[in-house]
Amino acid sequence: MSSRLVRSLVALVALLLLVGPGRTAAQNVPEDRVAAATDVLDTFMDTTRVPGLSGAVAVDGELVWTGGFGHANLQHRVPATADTRFRIASISKPITATVALMLAEQGALHMDAPVRSYLPLFPEKRDTITTRQLLSHTAGIRHYRGDEFRSDTRYESRLGPLSIFADDSLLFAPGSSYSYSTYGYTLAGAVLEAAADSSFLELLDARLAHPLGLETLVPERTERVIPNEASFYLVETTDGDTTVVNAPYVDNSNKWTGGGLLAAPKDLVRLVLALLDGRVLGPASMDRMFAAQAGIPDEPYHYGLGWFVGTDDQGRRQIWHTGGAMGGSGVVLFYPDRDLVVATLANTSDVPHLDLAQEMARRLIEGPQ
C-alpha cells in the first residue's frame, strides 16, 4: 500500500471522527470537497522535502477536518498530527491585536493615546506613536536588521526587548505610511502589559487560550519541555541537491507578541470561529479590526489591525495572516462571508502556505475540478 494511500485513509478516518456518524462534513459542503481540499496538502507533501505539516478546516462555522502529514521530529520519526505544536511566527500578530481590542472594549486601553502615556520610559520621538499605529504597521518602527531574526537572547521583562530598537529613529512620521514591523508588535505588547498591569502571557491565557479551550496555544519557552512541540528544520538546496538540516537555535522571547507563539492549526481555526461568531469581540471592534488602516504599496489588499484583508481571484472577501520563523511557517485564512477557515503550519520555513490554503478554500467552495 502506498504511503499516499495510507495518508488518505488516515485523513478519511479523521474526517469521519470529526463529523460523527450520520453527518455530512458541513451543512452545505459535501465530504468529497473536504477530501479534495486535504488532498492539496497530501500532494504537496509528496512532492517536497518539507519534514512535517498539519492543517485544519472549518466550514459553516464548524471544524470539519484536522490532521498531519510527515514528521514532527525526523530524528525519532515522530509523526506530525492534529495536536503538534508548531511555531506560528507572525500569526501571533492577529492574536495580539485581538487582546488589544478586548482591552480597548473594557476601557483599559485607549488605542489612540500616546504610547508614552503607558510607557514613559520609552524614548520620546519627534512624533507621537499610538497603539493603533503599532498594530497596523503605520508607526514607523523598524523591522529586523542583520541577524536579529535569529536572536538567541532570553528576555524576561516587558522592557528588555525594547532595547533592541527603542533608540532608533522612526522610518517615517507615524500614520503617514506602512512598513511591516515585528518590533512594532513588541512595543505594542509592552503597552498592553502596562495598560492591563499584567504580563502578555497572562493576558493570552486568561483572555483567549483558557476561555476558548485553545489548549495548544502557548508561548515558546526554550527552557521548558512543551508537550507535542515539533522540532524545527531548514530545507536547503545546494548545487541541485536538497537536504534537511536542523534549524539554528533561537529564543523568541523578544517577540512573543509579534512572532513567538506555538499552536496547532486546529486552535488557530477555533480562534477565528470564535471571532466570527461574536464570542471574543463586539461588532464595532470587529469592524475596526478588518477596516483599512493602511494601504500596502504595490498590493491590491490592505492591512487592518493584525490582519491582511483583500479578495481572491473570484472577488470573494478573504482575510489572512502568514507567518515565517526560523524553522517554522504557516497561514490562517478565512472567508468571513462563508464562515470558512483554513490553517496550515509546518516545521520549516519558506512553505507556500497562502497558495495552499487558497487552493484548499477554492475546492471547498467550488468543488474538485
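Definitions and cut-offs
Residues numbered from 1 in each chain as written. Predicted model: local features only at pLDDT ≥ 70, side-chain atom pairs only at ≥ 80, totals over all residues. Heavy atoms only, no water. Helix = DSSP H or I, 4+ residues; strand = E, 2+ residues; numbered from the N terminus. Rg over C-alpha atoms; globule rule 2.2 N^0.38 Å. Buried < 20%, exposed > 50% of the residue type's maximum accessible area, 1.4 Å probe, protein only. Contact = heavy atoms within 4.5 Å. Areas by Shrake-Rupley, 256 points an atom, 1.4 Å probe, with all protein chains shown as cover. Axes fitted to C-alpha atoms, helices over the stretch in contact; angles between N-to-C directions. Parallel < 35°, antiparallel > 145°, perpendicular 65-115°, else oblique. Left-handed = near helix turned anticlockwise from the far one by under 90°. Nonpolar A, V, L, I, M, F, W, Y, C, P; charged D, E, K, R; others polar. Phe/Tyr/Trp six-rings, centres within 6.5 Å; stacked < 30°, edge-to-face > 60°. Lys NZ or Arg CZ within 6 Å of the ring centre and 35° of its normal. Core = buried A, V, L, I, M, F, W, Y, C linked by side-chain atoms within 4.5 Å. Pairing = 2+ DSSP bridges. pLDDT = per-residue confidence, 0-100.

Asker: Please set out the overall build of the chain residue by residue, giving values where relevant.
Answerer: If you tally the helices and strands in the chain, you get ten helices and 14 strands. Relative to the compact-globule value of 21 Å for 369 residues, the chain shows a C-alpha radius of gyration of 20 Å, a close match. Seen along its three principal axes, the alpha-carbon backbone of the chain occupies a region of about 65 × 45 × 40 Å. Residues counted as buried form 55% of the 369 residues belonging to the chain. In the chain, 67% of the contacts between residues at least 6 apart in sequence involve partners at least 24 apart. Carbon and sulfur atoms make up 49% of the accessible area of the chain, which totals about 15,500 Å².

Asker: Please provide a residue-by-residue account of the packing of helix 3 (residues 92–105) against helix 9 (residues 283–290), values included.
Answerer: The geometry of helix 3 relative to helix 9 is characterised by a closest axis approach of 11 Å and an angle of 140° between their N-to-C directions. Considered as vectors, helix 3 and helix 9 are oriented oblique to each other. Two packed elements cross with a definite hand, and for helix 3 against helix 9 that hand is right-handed. Facing Ala97, Thr98, Leu101 and Glu105 of helix 3, the residues of helix 9 in contact are Ser285, Arg288 and Met289. Counted by class, the contact of helix 3 with helix 9 contains three nonpolar, two polar and two charged residues.

Asker: I'd like a description of the packing of aromatic side chains, backed by residues and values.
Answerer: Summed over all chains, the structure comprises eleven aromatic pairs. Judged by centre distance (5.0 Å) and plane angle (75°), the rings of tyrosine 301 and tryptophan 320 are edge-to-face. Taken as a pair, tyrosine 301 in the loop between strand 9 (294–295) and strand 10 (302–303) and tryptophan 320 in strand 12 (residues 317–325) lie far apart in primary sequence, 19 residues in all. Overall, tyrosine 301 belongs to the partly exposed group, its relative accessible area being 24%. A relative accessible area of 6% means that tryptophan 320 is categorised as buried. Considering the side-chain rings of tryptophan 307 and phenylalanine 334, the 5.1 Å spacing of their centres and the 85° angle between planes classify their relative orientation as edge-to-face. With tryptophan 307 in the loop between strand 10 and strand 11 (308–311) and phenylalanine 334 in strand 13 (residues 328–335), the pair connects residues that are 27 residues apart, well separated along the chain. Per residue, the accessibility class of tryptophan 307 equals that of phenylalanine 334, and both read buried. Members of the aromatic cluster, joined through ring pairs, are Tyr178, Tyr301, Tyr303, Phe308 and Trp320. The positively charged end of arginine 87 is found above the aromatic ring belonging to phenylalanine 232, 3.8 Å away from the centroid. Over the ring of tyrosine 185 we find lysine 93; its NZ or CZ atom is 5.8 Å from the centre of that ring.

Asker: Before we move on, can you summarise the nonpolar core with the specific residues and values?
Answerer: Core analysis: the largest hydrophobic core is formed by 110 residues, its most contacted members being Ile88, Ile95, Leu109, Leu187, Leu268 and Trp307. Take this core: its biggest share by element is eight residues, from helix 5 (residues 182–196). Excluding anything up to four places from it in sequence, tryptophan 307 contacts Pro94, Val272, Leu275, Met289, Phe290, His302, Ile319, Trp320, His321, Val332 and Phe334.

Asker: Report on the pairing of strand 13, specifying residues and quantitative values.
Answerer: Look at any regular strand and the pattern is simple: side chains alternate between the two faces of the sheet. Counting buried positions over the eight residues of strand 13 gives eight, a clear majority of the element. Along strand 13, one buried face is formed by Gly328, Gly330, Val332 and Phe334 and the opposite face, lined by Ser329, Val331, Leu333 and Tyr335, is buried too. Across seven bridges, strand 12 lies against strand 13 in antiparallel orientation. Looking at strand 13, one finds that alanine 325 is bridged to glycine 328. Where strand 12 folds back on strand 13, the antiparallel hairpin that results is connected by two residues, among which glycine 327 adopts a positive phi of roughly 80°. In the sheet, strand 13 pairs with strand 14 (residues 340–346) via seven bridges, with the strands oriented antiparallel.

Asker: Give me unusual backbone geometry: which residues, what numbers.
Answerer: Here the phi dihedral of alanine 89 falls at roughly 55°; this positive angle occurs in a residue that is not glycine. Take alanine 89: it is sitting in the loop between strand 4 (86–87) and helix 3. A relative accessible area of 1% places alanine 89 in the buried class. Residues other than glycine seldom take positive phi values, yet aspartate 339 does so here, at roughly 50°.

Asker: Before we move on, could you go through the pairing of strand 7 (residues 241–246) and cite the residues and values that matter?
Answerer: One ladder, built from six bridges, connects strand 6 (residues 233–238) with strand 7; its direction is antiparallel. Its bridge partner lying in strand 7, valine 235 is registered against valine 244.

Asker: Requested: an account of the confidence of the model for the chain, with residues and values cited.
Answerer: Close inspection of predicted coordinates is inappropriate in any region flagged by low pLDDT. Residues of the chain with pLDDT of at least 70 account for 92%, and the chain-wide mean is 91. Across residues 8–26 the pLDDT falls below 50, and counting only partners more than four positions away or on other chains, this stretch makes 29 contacts in the model.

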